[in-house]
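Overview (structure and organization)
Residues per chain are reported as follows:
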Amino acid sequence: ALEALLNDDPDAAFGAAARFQNGLTPRNQDWARIKLIHSQGRSELCNLPYLQKSCDLLSERPEIGPRCGTYLSGASIARLLPGAQLKPHLGTYPRLTLQLGLRAPSGATLTVAGEEVAWQEGK
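Quick look at the structure, then.

**What to know about the overall build of the protein**
Looking only at helices and strands, the protein has 3 helices and 5 strands in total. The helix and strand sequence of the protein, counted from the amino end, reads α-α-β-β-α-β-β-β. Residue pairs in contact within the protein that sit at least 24 positions apart in sequence constitute 51% of those at least 6 positions apart. Here the protein displays about 9,000 Å² of accessible surface, and carbon together with sulfur accounts for 53% of that area.

Structural data, given as structure tokens:
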């Protein structure tokens, strides 16, 4: 389902979101995050046919969304363009973050707290 978002028109989905990013990359268009589930419930993107099942599954989880009761809980999809890097940053609220690479170019890495990990398919 999420693969369909990337195949359909990723620039349309992520392009608008990139305009509102907060400087985590030198160029705003390098990184974009679109919310699926947030503290107030489901986003309009959950109405897209290829995201409905993913949103249904995420909505059932008590750890995210309005059932959680924690400020800013939710689930999002983010895109980082090849060659771009996020600036080191910290969240402002306690949160659990999961990174799942749907498409990761060879050699892509993720660094958290100084530890670098290479993306591996299926892991």
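**Describing the nonpolar core**
With 9 residues, the main nonpolar core is built from Ile34, Leu36, Ile37, Cys46, Leu51, Cys55, Ile64, Ala75 and Ile77. Residue assignment for this core shows that the elements contributing at least two residues are β1 (31-38) and β3 (75-80). By residue number, the principal contributor to this core is β1, which donates 3 residues.

**Overview of a nonpolar patch on the surface**
Together, Leu98, Leu100 and Leu102 give the surface a local cluster of nonpolar side chains, amounting to about 350 Å² of exposed area. Tracing the sequence through the fold places Leu102 in the loop between β3 and β4 (109-112).

**Regarding the pattern of salt bridges**
Between side chains of opposite charge, a pair can form as their charged atoms come close. Taken as a whole and assessed by the stated rule, the structure comprises 2 salt bridges. Residue Arg61 is joined to Glu63 by a salt bridge in which the shortest nitrogen-to-oxygen separation is 2.7 Å. On the accessibility criterion, Glu63 (45% relative accessible area) is partly exposed.

**Structural notes on the side chain of Ser43**
Positionally, Ser43 belongs in the loop between β2 (41-42) and α3 (52-59). Given the relative accessible area of 13%, Ser43 is considered buried. For Ser43, the residues in contact, after removing those within four places along its chain, are Lys35, Leu36 and His38.

**Here's the deal with the sheet that holds β3**
If you trace the 3 strands from one edge of the open sheet to the other, you get β2-β1-β3, paired in antiparallel fashion. The strands lining the two open edges of the sheet, one partner per strand, are β2 and β3. In this sheet, β3 lies alongside β1 in antiparallel orientation, the contact comprising 6 bridges. By the bridge assignment for β3, Arg33 is matched with Ala78.

Rules of the game
- Residues numbered from 1 in each chain as written.
- Predicted model: local features only at pLDDT ≥ 70, side-chain atom pairs only at ≥ 80, totals over all residues.
- Heavy atoms only, no water.
- Helix = DSSP H or I, 4+ residues; strand = E, 2+ residues; numbered from the N terminus.
- Contact = heavy atoms within 4.5 Å.
- Areas by Shrake-Rupley, 256 points an atom, 1.4 Å probe, with all protein chains shown as cover.
- Core = buried A, V, L, I, M, F, W, Y, C linked by side-chain atoms within 4.5 Å.
- Buried < 20%, exposed > 50% of the residue type's maximum accessible area, 1.4 Å probe, protein only.
- Patch = residues over 30% accessible without salt bridge, like charges linked within 9 Å, V, L, I, M, F, W, Y side chains within 5 Å.
- Salt bridge = Lys/Arg side-chain N within 4 Å of Asp/Glu carboxyl O.
- Pairing = 2+ DSSP bridges.

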